[in-house]
Amino acid sequence: MRLAISAVFLFFAVQSVGQTGPTANDFSITLERVGCLGSCPDYTVTILGDGSVRYEGRAYVHTEGVRKKKIPRSAVQKLIEKLRNEDFFQWEEKKMVCLDFPEAHITATLKGQHKHVLEGCNSPGKVLNLADEIDRISGVRVWVGRAR
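Each chain carries its own residue numbering, running from 1 in the written order of its sequence. Only residues with pLDDT of at least 70 are given local features in this predicted model, and only at 80 or more are side-chain atom pairs given and counted; all residues enter the totals for whole chains, interfaces and linings. Just so you know, side-chain values use all the structure's heavy atoms and leave hydrogens and water out.

Undergrad: Describe the overall build of the protein chain, with residues and values.
TA: The helix and strand labels rest on DSSP assignments: H or I over at least four residues marks a helix, E over at least two residues marks a strand, and numbering proceeds from the N terminus. In terms of regular secondary structure, the protein chain is built from four helices and six strands. Ordered by position in the sequence, the α and β elements of the protein chain form the string α-β-β-β-β-α-β-β-α-α. Think of it in three bands: residues with accessible area under 20% of the maximum for their type are buried, residues over 50% are exposed, and the middle band is partly exposed, with areas taken using a 1.4 Å probe on protein chains only. Sorting the 148 residues of the protein chain into buried and exposed places 36% on the buried side. Relative to all contacts within the protein chain whose residues are 6 or more apart in sequence, the contacts with residues 24 or more apart total 53%. Computed by Shrake-Rupley with a 1.4 Å probe, the accessible areas treat only the displayed protein chains as cover when residues are assessed. Of the roughly 8,900 Å² of accessible surface on the protein chain, a fraction of 56% belongs to carbon and sulfur atoms. In what follows, residue pairs with any heavy atoms lying within 4.5 Å of each other are defined as contacts.

Undergrad: Describe in detail the sheet that holds strand β1 (residues 28-34), supporting the description with residues and values.
TA: One open sheet holds the six strands; their spatial order is β4-β3-β2-β1-β5-β6, and the pairing between them is antiparallel. Looking at strand neighbours, the two that pair on one side only are β4 (65-70) and β6 (113-119), the edges of this open sheet. Put simply, the sheet's adjacent strands are angled 10° from each other on average, direction ignored. Here a strand pair is declared whenever DSSP counts at least two bridges between the two strands. Where strand β3 (residues 52-59) and β4 come together, six bridges link them in antiparallel fashion. In the strand pairing of β4, Ser 52 is matched with Lys 70. Lines are fitted to the C-alpha atoms to define the axes, a helix being fitted only along its stretch in contact, and any angle between axes, read from their N-to-C directions, falls within 0 to 180 degrees.

Undergrad: Summarise the packing of helix α2 (residues 73-85) against helix α3 (residues 126-138); cite the residues concerned and give the values.
TA: Two elements in contact, α2 and α3, have axes whose closest approach is 11 Å; the angle formed by their N-to-C orientations is 170°. As summarised for this structure, α2 and α3 are arranged roughly antiparallel, according to the angle between their axes. Residues Ala 75, Leu 79, Lys 82 and Leu 83 of α2 form the contact with α3, whose participating residues are Leu 130, Glu 133, Ile 134 and Ile 137. Partitioning the contact of α2 with α3 into residue classes produces six nonpolar, no polar and two charged. Any angle that falls under 35 degrees is termed roughly parallel, while one over 145 is termed roughly antiparallel, one within 65 to 115 roughly perpendicular, and all others oblique. Here the nonpolar group is Ala, Val, Leu, Ile, Met, Phe, Trp, Tyr, Cys and Pro; Asp, Glu, Lys and Arg are the charged ones; every other residue, Gly included, is treated as polar.

Structural data, given as structure tokens:
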């Protein structure tokens, strides 16, 4: 009987560890797209390690205000892997932006590491590519829509 109880306990303990798995509870990434002098979308989206997504549309988006949703932890894990594979926490932190171009700010925290990067001259660089990936993974395009 003790063996059976121990086996059941071990099973649930292993499952619990497996579910917390490689997705970091201390992970967060925020994308802030800041509008231009025209009709560029202005919004923020934050993804947490548990799959929580918080969107705040400010201007020139389909949905203004705060919206929340959940995405699969596997999607969050893919994003974490992308950051690691691209050595995100070693990226150069640019300070300069161009006049009348939309800005994309990305701030990420993972296991004590913190990084903020930005792209503000609409060049097709790795910051804008990552911003597009964050939009895709978070599913916020339904709220951003097309500029009004």
